[in-house]
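Breakdown of the fold
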Amino acid sequence: MRYGFDGMRNGHWKAQELEKAITESFGVKYAQLTSSGTTALSTAMAVMGVGHGDEVIMPTFTFVASFEAIIAAGAIPVLVDIDDTLCLDPKAVEAAITPNTKMVMPVHMCGAMAQMDEIKAICEKHNLLLLEDACQAIGGTFNGEKLGAIGDGGTFSFDFVKTITCGEGGVFMTNNEEYHINADHYTDHGHDHIGQDRGAEAHPFLGYNFRISELHAAVGLGQIRKLDMILSTQRKNNAIIKNALEKVEGVTFRRIPDPAGENASFLSFFLPSEDLARKAHQELVANGLGGNFYWFDNNWHYIKKWDHLKNATSLYPLNTKLKDAIAAMDFNAFKQSDQFMGRNISSLINLSWTEEQAHERAEKMAQTIQSVLS
Ligand SMILES: Cc1ncc(COP(=O)(O)O)c(C=O)c1O
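What counts and what doesn't
Residues numbered from 1 in each chain as written. Predicted model: local features only at pLDDT ≥ 70, side-chain atom pairs only at ≥ 80, totals over all residues. Heavy atoms only, no water. Phe/Tyr/Trp six-rings, centres within 6.5 Å; stacked < 30°, edge-to-face > 60°. Helix = DSSP H or I, 4+ residues; strand = E, 2+ residues; numbered from the N terminus. Buried < 20%, exposed > 50% of the residue type's maximum accessible area, 1.4 Å probe, protein only. Contact = heavy atoms within 4.5 Å. Polar contact = N/O pair within 3.5 Å; in protein donor to acceptor, adjacent residues only side chain to side chain. Pairing = 2+ DSSP bridges. Axes fitted to C-alpha atoms, helices over the stretch in contact; angles between N-to-C directions. Salt bridge = Lys/Arg side-chain N within 4 Å of Asp/Glu carboxyl O. Near = heavy atom within 4 Å. Areas by Shrake-Rupley, 256 points an atom, 1.4 Å probe, with all protein chains shown as cover. Nonpolar A, V, L, I, M, F, W, Y, C, P; charged D, E, K, R; others polar.

The description of two aromatic rings rests on the distance between their centres and on the angle between their planes. Enumeration over the complete set of coordinates arrives at 14 aromatic pairs. Each ring, one from Phe-63 and one from Trp-300, has its centre 5.9 Å from the other, and the planes form 80°; the classification is edge-to-face. With a gap of 237 residues between them, Phe-63 in the loop between β2 (55-59) and α3 (65-72) and Trp-300 in the loop between β12 (292-293) and α10 (307-310) connect regions that are remote in the sequence. Relative accessible area serves as the criterion here: at 32%, Phe-63 is assigned to the partly exposed category. Exposure remark for Trp-300: the relative accessible area of 54% places this residue in the exposed category. Summarising the aromatic geometry, the rings of Phe-293 and Trp-295 are spaced 4.8 Å apart at their centres and angled 0° between planes, so their arrangement reads as stacked. For Phe-293, a relative accessible area of 28% translates into the label partly exposed.

So this is what it looks like as structure tokens:
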């Protein structure tokens, strides 16, 4: 238990230690650990005041948690196109703004960043909240600023497949003191954390149990010490694969707004057509090259397969504004996103490869793709 029980814990405060390490590593004033990246997003919605009837602009390519958190808040996810960065297209963001828009949520997908300068400028111009979902881009930067620390709020996931992990866990980061204090209370049933007796604490507002455990935080502490090593290994291995694929005519790469700042957990590239990308993906898998993802056909990450969102399939009644807004959305209107996602393959970068294994894999990938293209 991360709060209270002072007498029994022999001075161990793992969640607090990890929060301090996060503020120091990522250059934010405040960090609130949570039980997952998803609950970190839900915490962000609550403390940033996003709720019933508010619209949140988010990309068509992300993880389902992005719209889950918006819907859980009673707000309306407004999906807009991505571009060749595989992240929000700033033009599509601006075009989607209505008087009900409250927040823009760029998602830094697959280790690299959205165009934060343009997106931030749009938020400032229209007085909108900026929440970065940096769950997949821990340790990345944009023009020297850490991803997740640029907006009014930012989140990481520390689940089992992220750059660093707690097993399960997440964090909401901000420089806003009020958001932080409220996040500390909100993630613990609204407890005000005043005094030594949990039973006597007041509840200034409604909250939930989104707490991380001390055990998970302890794992995170071990992991955060390895972050620099993890990033440099990812960058080295990523460069080996990229060097080989660059030589294959017809392969182009995702545009990265600040190439020096990607965390390099994936190498994302395009083939000339959807058919060729699907074929190349099938061949890569058939040749034993797992870890290559064709997100376009994947149930988790792209709008095409989000039938439960499109049909607003819920176990409980959703609010009418949200239901009506989902019913009115044209989920076939994302030709630009289809055009990029249909041609994209994202290749996972492994930490455990030896240099020789990375070169072997790179050559095999290049040959496989070459054979599909020629
Ligand atoms: C972009 C993005 N946002 C949010 C999440 C949710 O994180 P968690 O699995 O910790 O709930 C994920 C997890 O995959 C993610 O990729």
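This paragraph deals with the environment of Arg-278. Secondary-structure assignment places Arg-278 in helix α9 (residues 274-286). In this structure Arg-278 comes out as partly exposed when scored by relative accessible area, which is 23%. It is 9.0 Å that separates the C-alpha atoms of Arg-278 and Phe-296, two residues lying 18 residues apart in sequence. Leaving out residues up to four positions away in the same chain, Arg-278 has contacts with Tyr-294, Phe-296, Asp-297 and Lys-304. At 2.8 Å, the side chain of Arg-278 and the side chain of Asp-297 are in polar contact.

The next subject is the sheet that holds strand β11 (residues 266-270). Each strand in a sheet pairs with another by means of backbone hydrogen bonds, the pair being arranged parallel or else antiparallel. Pairing is antiparallel across the open sheet formed by four strands, whose spatial order is β10-β11-β13-β12. Each end of this open sheet is capped by a strand with a single partner; those strands are β10 (252-253) and β12. In terms of strand pairing, β12 meets strand β13 (residues 344-348) through two bridges, oriented antiparallel. Residue pairing for β13: Phe-293 is matched across the bridge by Ser-346. Along the sheet, α9 contacts β12 and β13; its crossing angle with β13, the most-contacted strand, is approximately 25°. Against the sheet, helix α13 (residues 355-373) makes contact with β11, β12 and β13, and its axis sits at roughly 165° relative to β13, the strand it touches most.

Turning to unusual backbone geometry, a few remarks are in order. Here Cys-110, not a glycine, exhibits a phi torsion of approximately 50°, which is positive. Assignment of secondary structure puts Cys-110 in the loop between β4 (101-104) and α5 (116-126). Judged by its relative accessible area of 0%, Cys-110 falls in the buried class. In the Ramachandran plot, His-189 falls in the positive-phi region, its phi being about 60° despite a non-glycine side chain. Looking at where His-189 falls in the secondary structure, it is placed in the loop between α6 (177-186) and α7 (214-224).

Quick look at the environment of Phe-340 now. Assignment of secondary structure puts Phe-340 in helix α12 (residues 335-341). When the C-alpha positions of Phe-340 and Ile-82 are compared, they lie 8.0 Å apart, and in sequence the two are 258 residues distant. Apart from the residues lying within four places of it in its own chain, the contact partners of Phe-340 are Ile-82, Asp-83, Asp-84 and Phe-270.

Let's shift gears to the pattern of salt bridges. Overall, the coordinates contain 15 salt bridges when judged by the stated rule. A salt bridge links Glu-214 to Arg-9; the nearest nitrogen and oxygen atoms lie 3.0 Å apart. Of this pair, Glu-214 sits in helix α7 while Arg-9 is found in the segment before α1 (14-26), placing the two residues 205 residues apart along the sequence. Across the pair, Arg-9 and Glu-214 agree in class, each one buried. Of the charged contacts, one joins Lys-20 and Glu-24 as a salt bridge, the two residues approaching to 3.1 Å between their closest N and O atoms. Taken together, the positions of Lys-20 and Glu-24, both in helix α1 and four residues apart, correspond to about one turn of that helix. One exposure class covers both Lys-20 and Glu-24, and it is exposed. A cluster of three or more residues bridged by salt bridges with shared partners is formed by Glu-274, Arg-278, Asp-297 and Lys-304.

We now examine the site of the ligand. In the vicinity of the ligand lie 14 residues, with Gly-37, Thr-38, Ser-157, Asp-159 and Lys-162 positioned nearest. The side chain of Gln-136 places a nitrogen or oxygen atom 2.8 Å from an oxygen atom of the ligand. Ser-157 places a side-chain nitrogen or oxygen 2.7 Å from an oxygen atom of the ligand. Relative to its free-state accessible area of 390 Å², the ligand is covered by the protein chains to the extent of 92%. The element that contributes the greatest number of residues to the shell around the ligand is helix α2 (residues 37-47), accounting for three residues. Residues that form the shell around the ligand fall into these classes: five nonpolar, six polar and three charged.

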